[in-house]
Amino acid sequence: MSSDPTESQKPADAWWWRNLPNLLTLSRIFLAVVLFAVLSFPNPVTYLIGLVIFVLAAVTDFLDGYLARRFHLVTQLGRILDPFADKLVVCGTFVFLAASPRMLETPWGLHPWIVVVILARELLITGLRSFLEERRIDFSARWSGKIKMALQCVLAVVAFAYLAFDQNPPGSPLWCWMTLVVLTYATLLVTVYSGYRYVRIAAAHLREIC
């Protein structure tokens, strides 16, 4: 009986390939740690570096999801790690951005109370998802959640750029400040609406259970 020695080298049979989405997710967690360390020393240069790291983390988020779906590499570990890594990067970034002295003095900017609302939404939906999926009820992401995530990422990028390049009094340049304000409150509204949609879906399932 003959065997092809190359068969064991097929990507589908390789450990690194089967776990590539998870490895990308772990790299995103590592990037989050590096990002937060950089942002602990707020100045225009570190915000610019933070922008690059954040974009790189966002790219890994897209890649791990695409690979997992395209090549059927979804794992139970990945279903746990991926949302954790997403929330760690985005929510942690918002905490550091909102704590910036420059952002605190920006009228209608990304202020701490907005970040609290975003964090509350994420914690609530994560808790509901965990409760329902333990009972084998599908509570996967809806379009409102995906749009919310996209807006949050764009807002983070704009906030990084604002802090890196706009070091003059608030409102100068006007376009930079206006972009930040519009995105901040658009993200806030979509985040709240998305949370409301998920809560309605969860409530329907909870009525069936109870």
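Provided above is the structure to which this section pertains.
Before going into details, it helps to say that this report is about the structure given with it.

## A short note on the overall build of the chain
Each helix and strand counted, the chain has eight helices and zero strands in total. Along the chain, from the amino end to the carboxyl end, the secondary structure elements read α-α-α-α-α-α-α-α. Buried positions account for 42% of the 210 residues belonging to the chain. Put simply, the chain shows about 12,000 Å² of open surface, and 71% of that area lies on carbon and sulfur atoms.

## Quick look at unusual backbone geometry
Although it is not a glycine, Trp-108 adopts a positive phi angle of roughly 60°. If you trace the backbone, Trp-108 turns up in the loop between α5 (101–104) and α6 (112–133). In this structure, Arg-136 is a non-glycine residue whose phi angle is positive, near 60°. Within the element layout of this structure, Arg-136 appears in the loop between α6 and α7 (143–165).

## Focus on the nonpolar core
Core analysis: the largest hydrophobic core is formed by 38 residues, its most contacted members being Phe-94, Leu-97, Leu-110 and Phe-160. Breaking this core down by element, the ones donating at least two residues are α2 (20–39), α3 (44–70), α4 (76–98), α6, α7 and α8 (174–209). Here the element with the most residues in this core is α7; it accounts for 11 residues. By size, the runner-up hydrophobic cluster in this structure holds seven residues, among which are Ile-125, Leu-128, Phe-139 and Ala-202.

## Quick look at the side chain of Thr-25
Positionally, Thr-25 belongs in helix α2. Leave out the neighbours within four places in its chain, and Thr-25 touches Asp-64, Leu-81, Asp-82 and Ala-85.

## Quick word on the environment of Leu-188
Position of Leu-188 relative to the elements: it lies in helix α8. Assessed through its relative accessible area of 10%, Leu-188 is described here as buried. Linking Leu-188 and Lys-148, residues 40 residues apart in sequence, is a C-alpha distance of 8.8 Å.

## Structural notes on the pattern of salt bridges
Per the counting criterion, the structure on display carries eight salt bridges. Notably, a salt bridge pairs Arg-28 with Asp-82, separated by 2.7 Å at the nearest N-O pair. Taken together, the residues Arg-28 in helix α2 and Asp-82 in helix α4 connect sequence positions 54 residues apart. Here Lys-87 makes a salt bridge to Glu-122, at a shortest N to O gap of 3.7 Å. With Lys-87 in helix α4 and Glu-122 in helix α6, the pair connects residues that are 35 residues apart, well separated along the chain.

## Considerations on α2
In a regular helix each residue adds 1.5 Å, so 20 residues correspond to 28 Å; α2 covers 28 Å between its end C-alpha atoms and thus fits that length. Residues Pro-21, Asn-22, Leu-24, Thr-25, Arg-28, Ile-29, Leu-31, Ala-32, Leu-35, Phe-36, Val-38 and Leu-39 constitute the buried set of α2.

## Here we look at the packing of aromatic side chains
Taken as a whole, this structure holds three aromatic pairs when the rule is applied. On the basis of an interplanar angle of 15° and a centroid distance of 5.3 Å, the ring pair of Phe-36 and Phe-96 is categorised as stacked. A residue pair is termed long-range when its members are at least 10 positions apart, and Phe-36 in helix α2 and Phe-96 in helix α4 qualify at 60 residues. Pairing Phe-54 with Phe-160 gives two aromatic rings, centres 6.0 Å apart and planes at 50°, and the pair type is tilted. Taken together, the positions of Phe-54 in helix α3 and Phe-160 in helix α7 put the pair 106 residues apart, joining distant regions of the chain. Lying across the ring of Phe-131, Arg-135 places its NZ or CZ 3.7 Å from the centre. One residue, Lys-146, lies across the ring of Trp-143, its end atom 4.9 Å from the ring centre.

## Some remarks on a nonpolar patch on the surface
A grouping of Val-55, Val-59, Phe-62, Leu-63, Tyr-66 and Phe-71 is seen on the molecular surface, where their side chains present a nonpolar patch of about 520 Å² in accessible area. Residue placement: Phe-62 occurs in helix α3. Residue Phe-62 is classed as exposed on the basis of its relative accessible area of 55%.

What counts, and at which threshold
Per chain, residue numbering runs from 1 following the sequence as it is written. The model is predicted, so local features are restricted to residues of pLDDT at least 70 and side-chain atom pairs to those at 80 or more, both for listing and for counting; the totals for chains, interfaces and linings are taken over all residues. As a convention, hydrogens and water are excluded, and side-chain values are obtained from all of the structure's heavy atoms. Here a strand is any run of E in DSSP of at least two residues, a helix any run of H or I of at least four, and the numbering for each starts at the N terminus. Per-residue accessibility, obtained with a 1.4 Å probe over protein chains only, is compared with the maximum for each type, and a residue is labelled buried under 20%, exposed over 50%, and partly exposed between these values. All accessible-area figures derive from a Shrake-Rupley calculation using a 1.4 Å probe, and residue coverage is judged against the displayed protein chains alone. By convention a nonpolar core is built from buried Ala, Val, Leu, Ile, Met, Phe, Trp, Tyr and Cys residues, the set being connected through side-chain atoms within 4.5 Å. Residues count as neighbours in contact if any of their non-hydrogen atoms are within 4.5 Å of one another. Counted as salt bridges are all cases of a side-chain nitrogen of Lys or Arg within 4 Å of a carboxyl oxygen of Asp or Glu. Each residue after the first adds 1.5 Å to the expected span of a helix. Note on aromatic contacts: the rings of Phe and Tyr and the six-membered ring of Trp form a pair at centre separations within 6.5 Å, being stacked when their planes are under 30 degrees apart, edge-to-face when over 60 apart, and tilted otherwise. Two limits define a charge over a ring: the Lys NZ or Arg CZ must be within 6 Å of the ring centre, and within 35 degrees of the ring normal. Nonpolar side chains (Val, Leu, Ile, Met, Phe, Trp, Tyr) within 5 Å and like charges within 9 Å form the patches, drawn only from residues with over 30% relative accessible area and no salt bridge.

By themselves, these observations are geometric and do not establish any function.
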